[in-house]
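Coordinate inspection notes
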Amino acid sequence: MVPSILVHGGAGHHAPSSVPAKRAAARAAADAGWHVLQRGGSALDAVEAAVRLLEDDPLFDAGYGSYLNRDGEVELDAILVDGETLRFGAVAAVHGVKNPITLARRVLDACPHHLLVGDGARRFARACGLTVPGLALVAPDVHARWLADRAGTAASEPDAYDRFRTPDGLPGDVAGAMRGPALPGDTVGAVARDTAGHFAAATSTGGMRDKWPGRVGDSPIIGSGAWADDRGGAVSCTGHGELIMRVCLAHHTGLSMCQGATAEDAAPAAVRYLADRTGGQAGLIVLDATGRPGWARNTHAMPVAWRSSDGAGDDL
Ligand code: GLY
């Protein structure tokens, strides 16, 4: 089988000054995965290698440099999906893990469960030797932005959930609590097919700016943030997680490829469906059952890079 890998660095509104570096990082990640595939490595190893590089790069909202939640902490989500067996490993709202995609890999390989969250995920990470101090994941410019976001609110709103404490116990001002800049951005992901014909998908994120503690988006949710099945291909999504989850975007796309859609057709059709049904903004990368790549977005930009025996390229 012809191997291939395709990576993304998040659908969003990328500052023009960051674009050259993000394109270069996406290419480097695709190269890292490609080297694994070229040596006969598995699609799972390839997507993990690609996503690890992007997690280590503070340009992206994954691993080091992720957005902080309202408590000022990095809380990470990641998933890795095996298209041969349909098994997956996922972690959500986990603190103090530098490469959550590798923790997701440990869940896949060595855990009787598929999804671990919060403190349990961190305890598993500690057992695997994958923890770092939480502050080690905070990039200085992200911290400065968090301080600016919190300016004027910290004193009156010490806890993200305090505003929901009402005398009668009824829900408080949900719409008001979600005010301000909250769009996700710079989630990372990869999809690959190896020489044995097996597919894998990986997605990793720090979620959205100004998110509530404990908030989990689409990324670690099977069929929302990622999907893979050797019968149809592989998908990794990026964008507004709350809306992506409503339509199970990765599974929606994968199902259409199982039914014969090409990557080139399936990706834009899925983004149109999301926009029609939810008004959401997102992007996704896909490989179809023949290993052909496709991608689409309805945001300003999405760094993409791919490698296969047929060549290499990138896009934004
Ligand atoms: N798509 C990433 C998130 O919403 O968390």
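This one's a predicted model, so the numbers in the text were calculated from it and none came from an experiment.

With respect to helix α2 (residues 43-55)
Its 13 residues place the ends of α2 18 Å apart at the C-alpha level, agreeing with the 18 Å of an ideal helix rising 1.5 Å per residue. Here α2 has its buried residues at Ala 43, Leu 44, Ala 46, Val 47, Glu 48, Ala 50, Val 51, Leu 54 and Glu 55. The inward-facing, buried residues of α2 abut β1 (4-8), α1 (19-38), β2 (76-82), α3 (100-110), β5 (188-193) and β6 (199-205).

Section: the pairing of strand β8 (residues 233-239)
Of all the seven residues making up β8, seven are buried; the element is thus mostly covered by neighbouring parts of the structure. Bridging between strand β7 (residues 226-229) and β8 involves four bridges; their strand directions are antiparallel. Following the sheet pairing, Asp 229 is matched in β8 by Gly 233. Counted between consecutive antiparallel strands, the loop separating β7 from β8 contains three residues.

Description of the layout of surface pockets
Roughly 180 Å³ of internal volume is contained in the second largest pocket. Together, 16 residues line the second largest pocket, and Ser 4, Gly 291, Pro 293, Ser 308 and Asp 310 are the ones closest to its centre. Put simply, the parts of the chain that give the lining of the second largest pocket at least two residues each are β1 and β11 (304-308). Within the lining of the second largest pocket, the residues separate by chemical class into seven nonpolar, five polar and four charged.

Here we look at the pattern of salt bridges
Per the stated rule, a full pass over the model turns up 14 salt bridges. Asp 314 is the partner of Arg 27 in a salt bridge, and the nearest nitrogen-oxygen pair spans 3.3 Å. Of this pair, Arg 27 sits in helix α1 while Asp 314 sits in strand β12 (residues 311-315); the two residues are 287 residues apart in sequence, bridging distant segments of the chain. When its relative accessible area of 36% is taken as the criterion, Arg 27 is described as partly exposed. When the shortest N-O distance is used, the salt bridge between Asp 141 and Arg 145 registers 3.7 Å. Here the residue Asp 141 and the residue Arg 145 both occupy positions in helix α5 (residues 140-150), the gap between them amounting to four residues, near one helical turn. If you follow the salt bridges from partner to partner, you end up with Asp 45, Glu 48, Arg 105 and Asp 109 in one network.

With respect to the sheet that holds β7
In a beta sheet, neighbouring strands pair by backbone hydrogen bonds and run either parallel or antiparallel. Spatially, β7-β8-β9-β10 is the arrangement adopted by the four strands of the open sheet, whose pairing is antiparallel. Across the chains shown, the open sheet's two edge strands, defined by having one partner strand only, are β7 and β10 (293-297). Between one strand axis and the next, the sheet turns by 10° as a mean value, whatever way the strands run. Together, β7, β8 and β9 (282-288) form the strand contacts of helix α8 (residues 249-258), whose direction differs from that of β8 by roughly 150°.

Looking at the site of the ligand
Taken together, Thr 187, Thr 205, Gly 207, Arg 215, Gly 217, Asp 218, Ser 219, Gly 239 and Gly 241 make up all the residues around the ligand. Residue Asp 218 places a side-chain N or O atom 2.6 Å away from a nitrogen atom belonging to the ligand. Separating an oxygen atom of the ligand from a backbone N or O atom of Gly 241 is a distance of 2.9 Å. In the complex, 100% of the free accessible area of the ligand, which totals 200 Å², lies under the protein chains. Here the ligand is seated within the second largest cavity. In terms of residue class, the shell around the ligand is made up of no nonpolar, seven polar and two charged.

Cut-offs used in this document
Residues numbered from 1 in each chain as written. Predicted model: local features only at pLDDT ≥ 70, side-chain atom pairs only at ≥ 80, totals over all residues. Heavy atoms only, no water. Helix = DSSP H or I, 4+ residues; strand = E, 2+ residues; numbered from the N terminus. Expected span 1.5 Å × (residues − 1). Buried < 20%, exposed > 50% of the residue type's maximum accessible area, 1.4 Å probe, protein only. Contact = heavy atoms within 4.5 Å. Pairing = 2+ DSSP bridges. 1 Å grid on protein atoms, 1.4 Å probe; cavity = no way out; pocket = protein on both sides within 12 Å on 5 of 7 lines; lining within 4 Å. Points joined across faces, edges and corners; volume = space filled by probe spheres on them. Nonpolar A, V, L, I, M, F, W, Y, C, P; charged D, E, K, R; others polar. Salt bridge = Lys/Arg side-chain N within 4 Å of Asp/Glu carboxyl O. Axes fitted to C-alpha atoms, helices over the stretch in contact; angles between N-to-C directions. Near = heavy atom within 4 Å. Polar contact = N/O pair within 3.5 Å; in protein donor to acceptor, adjacent residues only side chain to side chain. Areas by Shrake-Rupley, 256 points an atom, 1.4 Å probe, with all protein chains shown as cover. Sits in = over half its atoms within 2 Å of the grid points.

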